[in-house]
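Below, each chain spelled out in residue letters.
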Amino acid sequence: MSDFFLELFSEEIPPNLQTNATKKLFFDLNNFFEVNNIKVKGSTNSFCTPNRIIINFSNISKDVVKKSEEIRGPSVDAKSEALEGFLKSHNIKKIQIRSKSTEKGTFYFYKKPEKKLKTVDLLKENLPNILDKINWNKSMKWGNNKMFWGRPLKSILAVFDEKKIEFNFHHLKASNYTFLDKDFEEKTKNFNNFKSYQAYFKSKKIILDQVKRKNFIINELNKVSKANYLLVDLKENLLDEITNIVEKPKIILCEFDKKFLNIPKEILIITMQNHQKYIPTFDKKQNLTNFFLVVSDTKDLKGYVKLGNERVIDARLSDAEFFWNRNKSQNLIKQLSDLKKINFFKGLGSYFDKTQRLKKLSSLISDELMISKEKIEIAASICKVDLKSDLVGEFPELQGIMGGHFAEAQGFEKEVCQSISEHYLPSGLHSKVPKNLYSITLSLSDKLDTLVGFFGIDLIPTGSRDPYALRRYTIALVRLIVENKIRIKLRSIINYSLTLYKEQGYEFDITKVLKELNNFILDRLKNYSKEKGIRSDIIESSILSNDIDELYNGYKKAEVLYRNIGKEIVRDVVGIYKRSSNILNNEIIKNKIELSNSVDTGLFKNDFEKNLYKKIQDTKKYFVNFGKNDNFEECLKELFKFKQDVNCFFDNVKVNDENELIKKNRLELLNLLCKNFDNFFNFSKIEG
């Protein structure tokens, strides 16, 4: 058994490109070994640093036996040219083939003999093709070379059984040496196995394993922050990026001028995290401090790295402070007309047009949520003004947030400021959901206006394509309603939104938009429910196919039914429904009976029919006031009460009576029972 070891050394590659390329190469090599029956009995590893992609497979078989296989050629009735081509493609003579009858006719066959191949030869032959299959979202070509790579590739180290694998890959020739230092390319070293390679870099304090490197960074960050009585909020995306821009991490505590703490903290955090890849720190009260942590790729013996990073952040924050002081004093109301110069989307007008629609739409929603119409109209009017500010131009991530700060600085009421800050939320499936009714109202208005507009101009997501993130918008809409337990008439709001577009001169197919948007929203509700772990059949049972006015109720039904699905109460309720509906459906289909949806009590022949009918009527009365609290646990209990009357009915009453009128009346009774159940759950969708 032998080891295979591959290293690709290049100029520094951006983190996402490097990690994706490593995963792709590792997957393709695993697949190559499997397809070629190359046995791998040891460990398999894939590592990456900013400059290196490293793959190692241990305990690999040196030889591969290609089993004998029978290859079908052309039909014996085919032209001679077809047979000659077959012989030539396999480099064989006519004497080596034979004819054989099959279900599809008689064909020539060639039995390929068993063959023993060397693993190293297979690697030598196939590695160039495997490397060429690496997909780069962004790649580059340099010099006169034809190779495309994430960044210029400098060397390929390929070793099998402690011997180098010699092959050519574009202008490069594989060898058993690599560059030791990314800055000094004259320093190289030969390696004949992964063990010595790993030991060497470990001695240089370089952590090749990105998982170990990430854990090391987390531990060191926690040590330094704890020693200085600070707290850190370690964002996963930022940690992943930092992990893949260093190979021998060192943590440095830095600080910036305290005067910058007067700037809104979001500006400081975005500057540190997104622009500089620094870790902001907080005190025990979760207040942002003027200390920050830098993950350096080198020791800072003389303090130059610390000083350099502090100078960089001071320059950055000085710019931000200047923009903040200038933007916060610019009157938001007076800037409204400037939004006419900013296009919202081709065919949907400017941002000024959008804010006019939002003002009226949020006013309508405010009636349903019972909040101040005046406050929400002010918030809707100015919520997009921050788009023309210097700060949002520099930090696009702060859209809305800066608008809220500008409004606060100019003395607007708290609800107005908060709703502007939060009207882009939630931004996805796992982001924060606003809880303030003003924020909810403005966010709903913004998302509905966008969805109606895009569906109106027929830019509906198809398949996996969603260039305008409309699925994300709709999931956010669902979360706003479901997670805030809001009961709102979406259909009438969408109708009003269509009217607002029409008033501005945009003609949409109202029926088409309503239908498509209705289905799109319900599909997102189903996806959201699946994300919460609810079974698909329960979702289909609970979410009515044409009612976007019942989004919260639809989800709540599914959640309650899922929570109780294994309990006796649900088993019996489902059993009652399915037993009744099966008899009903069989008779309707078999005898083509048409029901009138009415029961004639004068045709009842016993108390069992009367008792079941009375129970149905009593339940109807119960459900008249059901919408006031929508307690679906109680709903299940109410349906469960049918058990005794239904069982007595089936045990003592012959549904298929000889008298056709009585038979039809009893089927009408079962139909009435099923419809009573269907008002709340479609139990026919429940599996099992």
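The preceding data block contains the structure.
Being a predicted model, the structure only gives us computed values, none of them experimental. (Residues numbered from 1 in each chain as written. Predicted model: local features only at pLDDT ≥ 70, side-chain atom pairs only at ≥ 80, totals over all residues. Heavy atoms only, no water.)

A.B. asks: Describe the sheet that holds strand S1 (residues 2–10), naming the residues involved and giving the relevant values.
C.D. replies: As summarised here, the arrangement of the five strands in space is S2-S3-S1-S9-S10, forming an open sheet in which the pairing is antiparallel. The sheet is open, and its two edges are formed by strand S2 (44–48) and strand S10 (163–164), each paired on a single side. Taken together, the two bridges between strand S9 (residues 153–160) and S10 define a ladder with antiparallel strand orientation. If you follow Phe-160 over to S10, its bridge partner there is Lys-163. Packed on one face of the sheet, helix H1 (residues 15–35) meets S1, S2 and strand S3 (52–60) and runs near 25° to S3. Along the sheet, helix H4 (residues 194–203) contacts S1, S2 and S3; its crossing angle with S3, the most-contacted strand, is approximately 140°. (Pairing = 2+ DSSP bridges. Helix = DSSP H or I, 4+ residues; strand = E, 2+ residues; numbered from the N terminus. Contact = heavy atoms within 4.5 Å. Axes fitted to C-alpha atoms, helices over the stretch in contact; angles between N-to-C directions.)

A.B. asks: Explain the side chain of Ser-2 residue by residue, including any values.
C.D. replies: Residue placement: Ser-2 occurs in strand S1. Owing to a relative accessible area of 1%, Ser-2 belongs among the buried residues under this scheme. Of the polar contacts made by the side chain of Ser-2, one reaches the side chain of Asp-161; its length is 3.2 Å. Those residues in contact with Ser-2, other than ones at most four positions away along the chain, are Phe-57, Ser-58, Asn-59, Ile-60, Lys-62, Phe-160 and Asp-161. (Buried < 20%, exposed > 50% of the residue type's maximum accessible area, 1.4 Å probe, protein only. Polar contact = N/O pair within 3.5 Å; in protein donor to acceptor, adjacent residues only side chain to side chain.)

A.B. asks: Break down the layout of surface pockets for me, citing the residues and quoting the values.
C.D. replies: Its boundaries defined by the atoms lining it, the largest pocket holds a volume of some 1200 Å³. In terms of lining residues, the largest pocket is bounded by 32 residues, among which Glu-266, Ile-270, Leu-398, Ile-401 and Leu-425 are the most central. Of all the secondary structure elements, the ones that give two or more residues to the lining of the largest pocket are helix H6 (236–243), helix H7 (265–275), helix H12 (401–409) and helix H13 (414–422). Here the lining of the largest pocket takes six residues from H7, the largest share from any one element. By residue class, the composition of the lining of the largest pocket is nine nonpolar, eleven polar and twelve charged. Of the voids in this model, the second largest pocket is the one considered here, and its volume is about 370 Å³. Contributing to the lining of the second largest pocket are 18 residues, with Tyr-424, Thr-450, Tyr-468, Arg-472 and Tyr-473 lying nearest its centre. Within the residue set of the lining of the second largest pocket, elements represented by two or more residues are helix H9 (351–369), helix H14 (437–456) and helix H15 (470–483). Per-element tally for the lining of the second largest pocket: the top contributor is H14, with four residues. (1 Å grid on protein atoms, 1.4 Å probe; cavity = no way out; pocket = protein on both sides within 12 Å on 5 of 7 lines; lining within 4 Å. Points joined across faces, edges and corners; volume = space filled by probe spheres on them. Nonpolar A, V, L, I, M, F, W, Y, C, P; charged D, E, K, R; others polar.)

A.B. asks: Give me the lowdown on the packing of helix H10 (residues 373–382) against H13, citing residues and values where you can.
C.D. replies: Where H10 meets H13, the closest approach of the two axes is 9 Å, and the angle between their N-to-C directions is 40°. Here H13 runs oblique to H10, going by the angle between their axes. Where H10 crosses over H13, the two elements pack in a sense that is right-handed. Residue-level contacts link Lys-375, Ile-378, Ala-379 and Ile-382 of H10 to Glu-415, Val-416, Ser-419 and Ile-420 of H13. Among the residues making up the contact of H10 with H13, the classes are represented as five nonpolar, one polar and two charged. (Parallel < 35°, antiparallel > 145°, perpendicular 65-115°, else oblique. Left-handed = near helix turned anticlockwise from the far one by under 90°.)

A.B. asks: Talk me through the pairing of strand S18 (residues 288–296); I want residue IDs and the actual numbers.
C.D. replies: Taken across its nine residues, S18 has eight buried, putting it largely inside the fold. Bridging between strand S16 (residues 250–255) and S18 involves six bridges; their strand directions are antiparallel. Each bridged residue has a counterpart across the sheet, and for Leu-253 the counterpart in S18 is Leu-293. The hairpin formed by strand S17 (residues 279–282) and S18 contains five residues between the paired strands, and Gln-286 there has a positive phi angle of roughly 65°.

A.B. asks: Please give an account of the nonpolar core that cites residues and values.
C.D. replies: Formed by 130 residues in total, the largest nonpolar core has its most connected members in Leu-490, Ile-494, Leu-639, Phe-642, Phe-677 and Phe-683. Counting residues per element, this core draws most heavily on H14, at nine residues. With sequence-adjacent residues up to four places away left out, Leu-490 is seen in contact with Leu-448, Leu-477, Ile-481, Ile-521, Ile-548, Asp-549 and Leu-551. Grouped together as the second largest cluster of nonpolar side chains are 36 residues, Leu-29, Leu-123, Leu-153 and Phe-160 included. (Core = buried A, V, L, I, M, F, W, Y, C linked by side-chain atoms within 4.5 Å.)

A.B. asks: Explain the packing of aromatic side chains to me, using residue names and the numbers behind them.
C.D. replies: Applying the stated criterion to the full structure yields 40 aromatic pairs. Ring plane angle 55° and centroid distance 5.5 Å describe the contact between Tyr-528 and Tyr-555, whose orientation is recorded as tilted. Within this pair, whereas Tyr-528 is found in helix H17 (residues 510–531), its partner Tyr-555 is found in helix H19 (residues 551–564), the two being separated by 27 residues in sequence. Residue Tyr-528 is classed as buried on the basis of its relative accessible area of 3%. A relative accessible area of 13% means that Tyr-555 is categorised as buried. Taken together, Phe-5, Phe-47, Phe-191, Phe-194, Tyr-197, Tyr-200 and Phe-201 form an aromatic cluster joined through their ring pairs. (Phe/Tyr/Trp six-rings, centres within 6.5 Å; stacked < 30°, edge-to-face > 60°.)

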